[in-house]
Amino acid sequence: MSVEDQRAGSRVSRPEIRLVRRGFTDPAQAVRLLAGPGLEGLADDPVLLDALGATADPDLALLGLARLLESADEQDRHTLRDTLTTSKPLRDRLLGVLGASTALADHLARHPHDWHALVTFELRDMHPGPDDFRRALDEGVRGHAVPDRPDALRVSYRRCLLAIAARDLTGTTDLAQTAAELADLAGATLETALDIAAEQDPEAARSCRLAVIGMGKCGGRELNYVSDVDVIFVAEPQEGVDEHEAVKAATRLAAALTRICSDTTGEGTIWPVDANLRPEGRNGPLVRTLASHLAYYQRWAKTWEFQALLKARPVAGDAELGAAYLEALAPMVWQAAARENFVADVQQMRRRVIDSIPATELDRQLKLGPGGLRDVEFSVQLLQLVHGRTDPALRSGNTLEALAALSGGGYVGRADAVSLDTAYRFLRSLEHRIQLHRLRRTHLMPKDEGDQRRLARSLAPLINDDTRADPVAALQREWRRHSVEVRRLHEKLFYRPLLDAVAELPAGAAGLTPDAARARLEALGYADPAAALRHLAALASGVSRKAAIQRTLLPVLLGWFADSADPDAGLLNFRQVSDALGRTPWYLRLLRDESAAAEQLARVLSAGRLAPDLLLRAPEAVAMLGDPQGLTPRGRPALEQEILAAVGRADTAATAVAAARSVRRRELFRTAAADVLGRLGDDPAEALDAAGEALTALNAATLQGALRACIAGWEARNGELPTRISVIAMGRFGGRELGYGSDADVLFVHEPLLGSLDQDAARAAQAVCHELRTLLGAPSTEPPLLVDADLRPEGRNGPLVRTLASYAAYYRRWSHAWESQALLRAEPVAGDAELGERFRQLIDPLRYPGVGVPERDVVEIRRIKARIEAERLPRGADPTTHTKIGRGGLADVEWTVQLLQLQHGHELPALRTTRTRAALAAAVEAGLVGSEDAAVLDAAWVLASRVRSAVMLVRGRPGDSFPAEARELSGVARYLGYGAGHSGELVDDYRRTTRRARAVVERLFYDG
């Protein structure tokens, strides 16, 4: 209902408004239906209306219900109405189906008595199997003459499908069980169709034994609602029957079975039976004997045919013959990986599938496109066929079962397996809901927004987002998230490099022939040798001096790249830098003549994303690597001098801040490269402190330059600024403990000049500080510096800038305990130094209260801390590995130290520091904390801080938890000093260290 309709009360009735609130999109039609035949008296039933509103499409559900009641006879209509109002399980199942599937609603309108199947199947068995479906189908076709039995089978099939869909839509079954039930129903249908075919041709039935082998999703017990049912037919003659005649008879039966299931009549069709996976495909005979099958697979079968046989399962006909078929072919399936070019053939087949997708469908493909279902299935099947030769536990035709077995056997990481499992379930569920609507075979996301809304409402429990405000957007986000994850893991698993391969550069090797390069790349563990070869060709081909130097460098560089978590990224980054600088005379000369510079560049380029990304924006910074002092971070005076000079040369505030950001980007690379190469200190804690000091000095100098630029811009427009401004650093910024991904937490304070109006001064200060934040955080080729002022009084609701007197009034009357705690790390960093010092004097009594902290404030601080632990941990995050608010992480240590500062800072000057480790050392010196406890807390804080820095260096974006992707986790482990293959030890060590720290926090913070 539009806003205009809501305002025009005379045009929208109150019942319509109630229906809109329940999710109806056509309330006028709903009112008419509720007043129509069969629904009399139910229009005001809130239970029924709420149940309709809970369906995927309330309008569709109500229309289907009206049609069902209208077509039912009087007695059945009465029974259904009574059941709808008294039985919640049946009501939910029926309305769930009607709100999701117009095709099943059409079936119920034609066969209104079939709604009873929703009760029958539920009472019979919570998980019906093949025998239950076979019994239901037999009951449906019994009593009909042979010519009518195919139609009776189609009706009975839809009746069973109705029961499966109802259980699925109401959450009685999960995806795996639903897909298994659909496959079991398919098997029972094939068996019943074969019985009908035998009744139609009894002579053929007496002449042969026929087994139906399920393939694809039917064989794997993971069938869709609407799918071709792939089969292979195998036959043997009955005793005394000629083999040729028996095969002809079996062919008649198989053809009749296919027609019964595939033909379309007034009752529609069941599904196409597809026998094209048989030997020689559609050009081969429909039915073969077992010996003929074996002869073909032994001599002629292609790689993909063995991959298809992985899912083979007898589903109908002669069970003994079906078992013999599997027993005979299984050894060939599990030796297929030994075939020449096996892996390349499988990979090429996947690429051909993607290439065959029409461009107009690529972004809507759930099944075949990149990040779709086929990516999961091909990855799992390739790993099964490679490792299943020696591990029978992997020999399942079911994708999810096989994925679990691969994870259990260590062939796929647990986190990767969970991600693939979750994504596969979501994508298959989405595919199911799309197909269920009209019972049409499709794998494309519908374009219509109404269809997408119905899908989102149907899948709400599977979407990690609130679907109420904008269900379509939530669905799209979830779909894209899973697709990206599937594609990432597919690339990782499907093109997995050789493991534990080690090779030394051959003595005297001076160049790379294509064959030698490929062999070396594979041996060194490059994930994509083909792409790596393209990079090598681009770098080293030709007769130029540049190419000759590259051919000398590359064999050595390849080894250095390989000694990292991601050699492919190192080589790609090197190519990009070389493309940018290759014509610069000093670049290749530096790398050729300064081996230390070349090795440092290789290690920086392959250690993660942050440093290479910074370097690629200004490749000339490579020159730092050739300077003995080039990786020494610069102090604030030198930084501020350069930044202020650049600001002074600019014409506008925008260009001035851009210049400051450019300097900051270069210096970020200097610090990051020094950190990656271990140049900030031999001791990890020393290196961490050095990085924090360097990043703090850099951000402070950048703020000083940006503030100068914004003041100059304001004065150019308005005259002299009527106030003085100071910037106060807070949080890790104030503590000089910044990481690479940290925001700049600040407070802004100003003081009007003598003779200036307070109102004019406030407006000017507000304008300058707002422009400063905007220009520093604006999208640009330079990394942003996000200035966060949310720790100010009244938070986001308070003014961005206050006078010193306003701060004093607020803190005197309204300050909370947590604000005093936050002020422990306040430190003037930019702007008017005298004003900043007066702000420091103002807050000292608050953060170091003369009588300590009142007990009520201690209780409040502990309460807030406990609430943060309970509520702020991101969904799905592991509290044992979350570095910020996880157990024993940064917040645990910092809050413990800060409580000691609040309690004792007034009497112990050494505690009056903004730095966590310095305050902890002072607490030990004063006897407030035992040395062993302090060592435990310090170790946890240092490790958690280093992990956060490593995550940013490796991924190029901040994160508070260990990366889930194996290569990224390996990169983090390498940064922290762990060797290749020891990422798990890092996580174990982290948990052990933080567990000890948490025990100390429990005693000092909560019990102290």
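Residues numbered from 1 in each chain as written. Predicted model: local features only at pLDDT ≥ 70, side-chain atom pairs only at ≥ 80, totals over all residues. Heavy atoms only, no water.

Of regular secondary structure, the protein chain possesses 45 helices and 10 strands. A principal-axis box enclosing the C-alpha atoms of the protein chain has dimensions of 110 × 90 × 55 Å. Counting only residues that meet the buried cut, the protein chain has 53% of its 1008 residues in that class. A separation of at least 24 residues holds for 72% of the contacts in the protein chain among residues at least 6 apart in sequence. As displayed, the protein chain has an accessible area near 43,400 Å², and 50% of this comes from carbon and sulfur atoms. (Helix = DSSP H or I, 4+ residues; strand = E, 2+ residues; numbered from the N terminus. Buried < 20%, exposed > 50% of the residue type's maximum accessible area, 1.4 Å probe, protein only. Contact = heavy atoms within 4.5 Å. Areas by Shrake-Rupley, 256 points an atom, 1.4 Å probe, with all protein chains shown as cover.)

Attention shifts here to the pattern of salt bridges. Opposite charge on two side chains allows them to pair when their charged atoms are near. Applying the stated criterion across every chain yields a total of 74 salt bridges. In this structure, D50 and R22 form a salt bridge, with 2.7 Å as the shortest nitrogen-oxygen distance. Of the two residues, D50 is situated in helix 4 (residues 46–53) and R22 in the loop between helix 2 (14–21) and helix 3 (27–34); the sequence distance between them amounts to 28 residues. Linking R763 and D760 is a salt bridge whose minimum nitrogen-to-oxygen distance equals 2.6 Å. Of this pair, R763 and D760 both sit in helix 36 (residues 758–777), three residues apart, which is roughly one turn of the helix. A relative accessible area of 48% means that R763 is categorised as partly exposed. A single salt-bridge network, built from bridges that share partners, covers R634, E642, R666, E667 and R670. (Salt bridge = Lys/Arg side-chain N within 4 Å of Asp/Glu carboxyl O.)

The next thing to look at is the nonpolar core. By size, the foremost hydrophobic cluster in this structure holds 91 residues, and its most contacted members are F574, L703 and F748. Counting 85 residues, the second largest nonpolar core, distinct from the first, contains L95, W115, A152 and A193. (Core = buried A, V, L, I, M, F, W, Y, C linked by side-chain atoms within 4.5 Å.)

Attention now moves to the packing of helix 5 (residues 58–71) against helix 6 (residues 74–86). Relative orientation of the contacting elements helix 5 and helix 6 amounts to 145°, with a least axis distance of 8 Å. Note on element contacts: helix 6 touches helix 5 through R77, L80, R81 and L84, opposite L65, L68, L69 and E70. Here the residues of the contact of helix 5 with helix 6 sort into five nonpolar, no polar and three charged. (Axes fitted to C-alpha atoms, helices over the stretch in contact; angles between N-to-C directions. Nonpolar A, V, L, I, M, F, W, Y, C, P; charged D, E, K, R; others polar.)

This part is about the environment of R313. With respect to the element layout, R313 can be found in strand 5 (residues 313–317). For the pair R313 and S931, spaced 618 residues apart in the sequence, the C-alpha separation amounts to 67 Å. What R313 contacts, discounting residues up to four positions off in sequence, is A183, V212, I213, G214, C218, G219, R221 and L326. Polar side-chain contacts of R313 include one of 2.7 Å to the backbone oxygen of C218. Side-chain polar atoms of R313 contact the backbone oxygen of G219, separated by 2.9 Å. (Polar contact = N/O pair within 3.5 Å; in protein donor to acceptor, adjacent residues only side chain to side chain.)

It is worth spelling out the packing of aromatic side chains at this point. Summed over the entire model, instances satisfying the criterion amount to 10 aromatic pairs. On the numbers, 6.0 Å between centres and 90° between planes, the contact of Y157 with W271 is edge-to-face. In this pair, Y157 is assigned in helix 11 (residues 149–169) and W271 in the loop between helix 15 (243–262) and strand 3 (273–274), connecting sequence segments 114 residues apart. Among the residues examined, W271 registers a relative accessible area of 2% and is labelled buried. (Phe/Tyr/Trp six-rings, centres within 6.5 Å; stacked < 30°, edge-to-face > 60°.)

Here we take up the packing of helix 44 (residues 966–975) against helix 45 (residues 983–1006). Relative orientation of the contacting elements helix 44 and helix 45 amounts to 65°, with a least axis distance of 9 Å. If you check the angle between helix 44 and helix 45, you find them roughly perpendicular. For the pair helix 44 and helix 45, the sense of crossing is left-handed. Side by side, helix 44 and helix 45 meet where L969, S970, V972 and A973 of the first sit next to S983, L986 and V987 of the second. The residue inventory of the contact of helix 44 with helix 45, partitioned by class, reads five nonpolar, two polar and no charged. (Parallel < 35°, antiparallel > 145°, perpendicular 65-115°, else oblique. Left-handed = near helix turned anticlockwise from the far one by under 90°.)

For strand 7 (residues 744–752), the tally of buried residues reaches seven of nine residues, placing the bulk of the element in the interior. Pairing between strand 6 (residues 723–729) and strand 7: seven bridges, direction antiparallel. Its bridge partner being in strand 7, A729 is matched across the sheet by V746. Across two bridges, the pairing between strand 7 and strand 8 (residues 787–788) is parallel. Residue pairing across strands places D745 opposite D788, the latter belonging to strand 8. After leaving strand 7, the chain enters helix 36 and then returns to the sheet as strand 8, a path that is right-handed. Where strand 7 meets strand 9 (residues 801–803), three bridges bridge the pair, whose relative direction is parallel. Note on strand 9: the bridge partner recorded for V749 is R802. (Pairing = 2+ DSSP bridges. Right-handed = clockwise from strand over helix to strand, strands pointing away.)

This paragraph deals with unusual backbone geometry. One can expect most non-glycine residues to show negative phi and most peptide bonds to be in trans. Notably, L439 is not glycine yet its phi reads approximately 50°, a positive angle. Along the polypeptide, L439 turns up in the loop between helix 22 (414–438) and helix 23 (449–458). Judged by its relative accessible area of 14%, L439 falls in the buried class. Despite not being glycine, E794 has its phi angle at roughly 70°, a positive value. Within the secondary structure layout, E794 lies in the loop between strand 8 and strand 9.

Mapping R438 onto the fold places it in helix 22. When its relative accessible area of 43% is taken as the criterion, R438 is described as partly exposed. Placed 214 residues apart in sequence, R438 and N224 show a C-alpha to C-alpha distance of 13 Å. Once you skip the residues sitting within four places of it in the chain, R438 turns out to touch T102 and A103.

This part is about the side chain of T883. Relative to the assigned elements, T883 resides in the loop between helix 40 (855–871) and helix 41 (890–904). Using a relative accessible area of 0% as the deciding quantity, one classes T883 as buried.

Buried residues dominate strand 2 (residues 229–237), accounting for seven of its nine residues. Bridge count between strand 2 and strand 3: two bridges; the pairing is parallel. Bridge pairing in strand 3 places V229 opposite V273. At this point the chain moves from strand 2, through helix 15, to the parallel strand 3, and the crossover so formed is right-handed.

Moving on: the state of the cysteines. Note on terminology: disulfide describes a covalent bond linking the sulfur atoms of two cysteines. Inspection of every chain in the model, using the stated rule, returns zero disulfides. Unpaired in terms of disulfides, C208 finds its nearest cysteine sulfur in C261, a separation of 17 Å. (Disulfide = S-S within 2.5 Å.)

The next thing to look at is helix 8 (residues 102–110). Most of helix 8 is tucked away: seven of the nine residues are buried. Looking at helix 8, one finds that the buried residues are T102, A103, L104, A105, H107, L108 and A109. Against the buried residues of helix 8 lie helix 5, helix 7 (88–98), helix 11 and helix 22.

In this section: the confidence of the model for the protein chain. Put simply, the protein chain has an average pLDDT of 88, and 93% of its residues get 70 or more. Mean pLDDT in the protein chain bottoms out at helix 1 (residues 3–7), which sits at 42, and peaks at strand 1 (residues 208–214), which reaches 98. Counting interchain partners and residues more than four positions distant, the pLDDT-below-50 stretch residues 1–10 has seven contacts. Here residues 496–512 is a poorly scored stretch, pLDDT under 50, and it has 29 contacts once near neighbours within four places are set aside; other chains count. (pLDDT = per-residue confidence, 0-100.)

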